[in-house]
Amino acid sequence: MTTYPMTRLRRTRATAWSRAMHREVLVTPADLIWPLFVTEGEGVEDPILSLPGVSRWSVDGIVARAKEAVALGIPCLALFPNTQPDRRSEDGKEALNPDNLMCRAIKAIKDACGDSIGVLTDVALDPYTSHGQDGLIDEAGYVLNDQTVEVLVGQSLNQAAAGADIIAPSDMMDGRIGAIREALEGAGHINVQIMSYAAKYASAFYGPFRDAVGSRGLLKGDKKTYQMDPGNAEEALREVEMDLAEGADSVMVKPGLPYLDIAARVKDTFGVPVFAYQVSGEYAMIEAAVAAGAADRDAMVLETLLSFKRAGCSGVLTYHAAHAARLMGA
């Protein structure tokens, strides 16, 4: 066993070059996925008040952000639509429209950038339902599992046909990964990946996101009958195991920082690509601390991203992606 003073752990920390040489974990732009919100119109940039520095973009603006991401070395975008109220319905049928906002954005990015960037698409019904739930509901407001899965399969095929590279079901319905994988295979979309929101918790950190997609004021009740209880960890491992068995290529833990233990356990247990979503509430907290003069944005952004990598994540979905990539390239 090593002892002091023969071993001085501070020796390798004495200079910047030595600290860099001994650093165990490194974050690069290739580790980032940039979530973007799509809205109707042309030339539209609509700032989101609860997410300072984040906007909804019309499709042409999304294409510009895609080109920016390519230049910064960010490999993938995650798209979320702000569906107009008149296109929302009880059954969320707009999700199946091949000319919906999401599909138009996918096609525009692919037309402009081709395979120089990946497009990850959210699969869930909350951006399309008039009640704000992620699935179809019965008369009591309970979200129906199997009936919802049928719609999610159609939504996935719709997005894959538009050119999506990664289908990311965020709904937390049982059995949806297997059903989607089978449908993608059957339709010839054999190289379309599935990144499952396998461990998505019923969290208090999602508020600004619901503002961004326009569902906060619509949501009736809560999502605790399908999203995970924040007190459960073993259940997360069962969720991940099932989704991998059904055909997920990678899995996600959401939220991020409050659930680093879950990300680490998933990586240690399964050894598969694990991604974390640094969600809207986490982003807003950093920005609030900066605005209050209580934190340095650059240092805090880079440190939090490093924590995800240290926990075993392959990558991070973060609204700070472009800012972080610029810092890394500085």
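A short tour of the structure in this document, coming up. (Residues numbered from 1 in each chain as written. Predicted model: local features only at pLDDT ≥ 70, side-chain atom pairs only at ≥ 80, totals over all residues. Heavy atoms only, no water.)

What follows deals with the overall build of the protein chain. Counting its secondary structure elements, the protein chain contains 11 helices and 10 strands. Dimensions along the principal axes, computed over C-alpha positions, put the protein chain at roughly 70 × 45 × 40 Å. Here the protein chain, with 330 residues, has 53% of them falling under the buried criterion. For the protein chain, the proportion of contacts with a sequence separation of at least 24, taken over those separated by at least 6, is 75%. Of the roughly 14,600 Å² that the protein chain leaves accessible, carbon and sulfur atoms contribute 53%. Each charge class in the protein chain was averaged separately, 31 positive and 44 negative side chains, and the resulting centres sit 9 Å apart. (Helix = DSSP H or I, 4+ residues; strand = E, 2+ residues; numbered from the N terminus. Buried < 20%, exposed > 50% of the residue type's maximum accessible area, 1.4 Å probe, protein only. Contact = heavy atoms within 4.5 Å. Areas by Shrake-Rupley, 256 points an atom, 1.4 Å probe, with all protein chains shown as cover. Lys, Arg positive; Asp, Glu negative; His and termini not counted. Charge placed at Lys NZ, Arg CZ, Asp CG, Glu CD.)

Turning our eyes to something else, we now look at the pattern of salt bridges. Under the counting rule described, the total for this entry stands at 17 salt bridges. Between aspartate 243 and arginine 176 there is a salt bridge, with the nearest N and O atoms lying 3.3 Å from each other. Remark: arginine 176 occurs in helix H5 (residues 176-186) and aspartate 243 occurs in helix H7 (residues 234-246); sequence separation between them is 67 residues. Looking at arginine 176, the relative accessible area reads 1%, which means it is buried. Residue glutamate 234 is joined to arginine 265 by a salt bridge in which the shortest nitrogen-to-oxygen separation is 2.6 Å. Taken together, the residues span a long stretch of sequence, with glutamate 234 in helix H7 and arginine 265 in helix H8 (residues 260-270) at a distance of 31 residues. Each of the salt bridges in this network shares a partner with another, and the network as a whole consists of Asp126, Asp134, Lys200 and Lys223. (Salt bridge = Lys/Arg side-chain N within 4 Å of Asp/Glu carboxyl O.)

Attention shifts here to the pairing of strand S4 (residues 76-81). Most of S4 is tucked away, with 6 of its 6 residues classed as buried. Both faces of S4 are covered, namely the face carrying Cys76, Ala78 and Phe80 and the face carrying Leu77, Leu79 and Pro81. Relative to S4, strand S1 (residues 32-38) runs parallel, the two being bridged by 6 bridges. Each bridged residue has a counterpart across the sheet, and for valine 38 the counterpart in S4 is proline 81. Pairing of S4 with strand S5 (residues 118-123), which is carried by 4 bridges, proceeds in the parallel orientation. The residue bridging cysteine 76 from the neighbouring strand is glycine 118, located in S5. A crossover links S4 with its parallel partner S5, the connecting element being helix H3 (residues 101-113), and its sense is right-handed. (Pairing = 2+ DSSP bridges. Right-handed = clockwise from strand over helix to strand, strands pointing away.)

Burial along strand S10 (residues 315-318) is two-sided: Gly315 and Leu317 facing one way and Val316 and Thr318 facing the other are all buried. Relative to S10, S1 runs parallel, the two sharing 2 bridges. Along S10, the bridge assignment pairs leucine 32 with valine 316. Inspection of the sheet shows strand S9 (residues 274-278) paired to S10 by 4 bridges, in the parallel sense. Residue pairing across strands places alanine 276 opposite valine 316, the latter belonging to S10.

Here we come to H7. With 13 residues, H7 extends 19 Å from end C-alpha to end C-alpha; this agrees with the ideal 18 Å at 1.5 Å per step. Among the residues of H7, Ala236, Leu237, Glu239, Val240 and Asp243 are the ones counted as buried. Along the axis of H7, the buried positions cluster into a sector of 160°, meaning they face one direction only. Looking one or two residues past H7, glycine 247 carries a phi angle of roughly 120°, positive in sign. (Expected span 1.5 Å × (residues − 1). Arc of directions from axis to C-beta.)

Moving on to the packing of helix H2 (residues 59-72) against H3. Running from amino to carboxyl end, H2 crosses H3 at an angle of 40°, the nearest separation of the two axes being 9 Å. Of the possible angle classes, the one that applies to H2 and H3 is oblique. Pair H2 / H3 crosses with right-handed handedness. Touching Val59, Ile62, Val63, Ala66 and Lys67 of H2 are Leu101, Arg104, Ala105, Ala108, Ile109, Ala112 and Cys113, all from H3. Grouping the amino acids of the contact of H2 with H3 by side-chain chemistry returns 10 nonpolar, no polar and 2 charged. (Axes fitted to C-alpha atoms, helices over the stretch in contact; angles between N-to-C directions. Parallel < 35°, antiparallel > 145°, perpendicular 65-115°, else oblique. Left-handed = near helix turned anticlockwise from the far one by under 90°. Nonpolar A, V, L, I, M, F, W, Y, C, P; charged D, E, K, R; others polar.)

Turning our attention to unusual backbone geometry. The step from tyrosine 4 to proline 5 runs through a cis peptide bond, and the omega angle for that step is 10°. Structurally, the position occupied by proline 5 is in the segment before helix H1 (16-22). The omega torsion across lysine 254 and proline 255 is -5°, close enough to zero to call that bond cis. Even without being a glycine, methionine 172 presents a positive backbone phi close to 70°. Within the secondary structure layout, methionine 172 lies in the loop between strand S6 (166-169) and H5.

Those residues of H5 that sit buried are Arg176, Ile177, Ile180, Arg181, Ala183 and Leu184. Taken end-on, H5 shows its buried residues confined to a sector of 165°, consistent with a single buried face. For H5, the exposed residues set more than 90 degrees away from the buried face come down to Glu182 and Gly186. Buried residues in H5 make contact with S5, helix H4 (145-162), S6, strand S7 (193-200) and H7. Two residues or fewer past H5, glycine 188 is found with a positive phi of approximately 85°.

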